[in-house]
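Read off the chains here:
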Amino acid sequence: MWPNAIIFTCFLALRLRHCAADLCNWTGSGFAAAVDSRIVLQVRLRCTEGSVRWLYPGQALRVVLEPNLSSSRRTTVCIKPSPSFGGASVFVERAGQLELLVPDGGRPDRQVFCFRADGPHRPALYLQAGPQSDGAWSRRTMGFRYELLANRSELSHGGLRASCRPCNDTELLMAVCNSDFVVRGHIRNVSHDARRQTSLVEVSAGRVYWQRSGVFEQQQASPSWRGHIHTLLQCHVKPGDGEFLFTGSEHFGEAWLGCAPRYKDFLSVYHDARTARRNSCDFPSD
């Protein structure tokens, strides 16, 4: 696949202390290509999500994703290029062949690119630096964030998608236990992006039960929280009165809507399940 290429691991080529057993994020440079133009830097990442930042991209970089998973297999890989993405193309390596995933100069504009990775080999990405047009070493920086997702994740137009179908009682009870965020609040506004085919729901939350990251931020001198949740345009979400329980997943620092019943309806389902000892976890319903 790479004739006369020399493949270096990050231990040998860059001697970076970042190359640990549980490496999630990698930052390095392409200066090694100045020594030998045949060098292909190789990085192995062992987490289900993280980031890659390649300074002065030169020649090629091979990124192998081999997370330490103790349970279900992750069969979908998604990457989100950084806003300053440029200077290299991203390929997916399959059986010794390279398939273009993100072209150099393609202006991804916050787009998420996904591919299936359920073959016999670990998923690998191959980054090929573009021509140097501004001297021996460009000051370009290219990078992306990556996530390995379970098989149940759906793909739409090369990106992440959610479902518009209302959750049944069983799914709702599981959602409050397994979601990346669970908040109680009101819909303040809904904006639509026809190009991305998504809607953005602005939420004012009176209570944040939990969240994986800081998607929802507490307002200064106020007990309320504010945040935004993404969903599909085809779900036709509209501003509405009443209090909702918002649940969902987080991808690349963005919240995506899962189950979102009215809070009073959720309480009815939860109390019935608790009485019948069918609740999946305890929920603070005070």
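Residues numbered from 1 in each chain as written. Predicted model: local features only at pLDDT ≥ 70, side-chain atom pairs only at ≥ 80, totals over all residues. Heavy atoms only, no water.

Undergrad: Explain the packing of aromatic side chains to me, please; I cannot follow it from the model alone.
TA: Aromatic ring pairs are described here by two measures, namely the spacing of the ring centres and the angle between the planes. The full count for this structure, using the stated rule, is 8 aromatic pairs. Here the aromatic rings of Phe244 and Phe246 are separated by 5.8 Å at their centres, their planes lie at 40°, and the arrangement is tilted. Residue classification places Phe246 among the buried positions, given a relative accessible area of 3%. Here the aromatic residues Tyr209, Trp210, Tyr263, Phe266, Tyr270 and Phe283 are joined through ring pairs into a cluster of three or more. The cationic tip of Arg184 hangs over the ring face of Tyr263; the distance from NZ or CZ to the ring centre is 4.2 Å. (Phe/Tyr/Trp six-rings, centres within 6.5 Å; stacked < 30°, edge-to-face > 60°. Buried < 20%, exposed > 50% of the residue type's maximum accessible area, 1.4 Å probe, protein only. Lys NZ or Arg CZ within 6 Å of the ring centre and 35° of its normal.)

Undergrad: So what exactly am I meant to see when it comes to the pattern of salt bridges here?
TA: Opposite charge on two side chains permits pairing when their charged atoms draw close. Within the structure shown, the criterion is met by 10 salt bridges. Two residues, Glu243 and Arg184, come together in a salt bridge whose shortest N-O distance is 3.0 Å. Of the two residues, Glu243 is situated in the loop between β17 (225-232) and β18 (244-251) and Arg184 in strand β14 (residues 181-193); the sequence distance between them amounts to 59 residues. With relative accessibility at 30%, the residue Glu243 sits in the partly exposed group. For Arg184, a relative accessible area of 19% corresponds to the buried category. Lys264 is the partner of Asp265 in a salt bridge, and the nearest nitrogen-oxygen pair spans 3.4 Å. (Salt bridge = Lys/Arg side-chain N within 4 Å of Asp/Glu carboxyl O. Helix = DSSP H or I, 4+ residues; strand = E, 2+ residues; numbered from the N terminus.)

Undergrad: Sorry if this is basic, but what is going on with the state of the cysteines here?
TA: Formally, a disulfide is one covalent bond, and it connects the sulfur atom of one cysteine to the sulfur atom of another. In total, this model carries 4 disulfides according to the counting rule given. Residue Cys24 pairs covalently with Cys47 via a disulfide, S to S 1.9 Å. Of note, the bridge from Cys24 to Cys47 carries an S-S torsion of about -55° and is left-handed in sense. One end of the pair, Cys24, is in the loop between α1 (10-13) and β2 (25-29); the other, Cys47, is in the loop between β3 (39-45) and β4 (49-55), with 23 residues separating them in the sequence. Among the residues examined, Cys24 registers a relative accessible area of 25% and is labelled partly exposed. By relative accessible area, Cys47 is classed as buried at 13%. Paired through a disulfide, Cys167 and Cys259 show a sulfur-sulfur distance of 1.9 Å. Its torsion about the S-S bond being -95°, the disulfide of Cys167 and Cys259 is classed as left-handed. Here the residue Cys167 occupies a position in the loop between β13 (159-160) and α2 (169-178), and Cys259 occupies one in the loop between β19 (254-257) and α3 (263-275), the gap between them amounting to 92 residues. Overall, the relative accessible area of 31% leaves Cys167 in the partly exposed class. (Disulfide = S-S within 2.5 Å.)

Undergrad: Looking at this structure, how should I read the layout of surface pockets?
TA: In this approach, a probe sized like a water molecule rolls over the atoms, and the result shows the empty space that is left. For the second largest pocket, the calculated volume is near 490 Å³. What lines the second largest pocket is a set of 27 residues, among which Leu257, Gly258, Cys259, Ala260 and Pro261 lie closest to the centre. Counting residues per element, the ones that place at least two in the lining of the second largest pocket are α2, β18 and α3. Counting residues per element, the lining of the second largest pocket draws most heavily on α3, at 3 residues. For the lining of the second largest pocket, a count of residues per class yields 16 nonpolar, 6 polar and 5 charged. (1 Å grid on protein atoms, 1.4 Å probe; cavity = no way out; pocket = protein on both sides within 12 Å on 5 of 7 lines; lining within 4 Å. Points joined across faces, edges and corners; volume = space filled by probe spheres on them. Nonpolar A, V, L, I, M, F, W, Y, C, P; charged D, E, K, R; others polar.)

Undergrad: Help me understand the nonpolar core in this model?
TA: The tendency in soluble globular proteins is for nonpolar side chains to be buried as a group. Of all hydrophobic cores here, the largest spans 30 residues; its most connected members are Ile79 and Leu125. Setting aside anything within four residues of it in sequence, one finds Leu125 in contact with Leu61, Arg62, Val63, Ile79, Val90, Phe91, Val92, Leu101, Phe115 and Phe144. By size, the runner-up hydrophobic cluster in this structure holds 18 residues, among which are Val183, Val203, Val208 and Ala255. (Core = buried A, V, L, I, M, F, W, Y, C linked by side-chain atoms within 4.5 Å. Contact = heavy atoms within 4.5 Å.)

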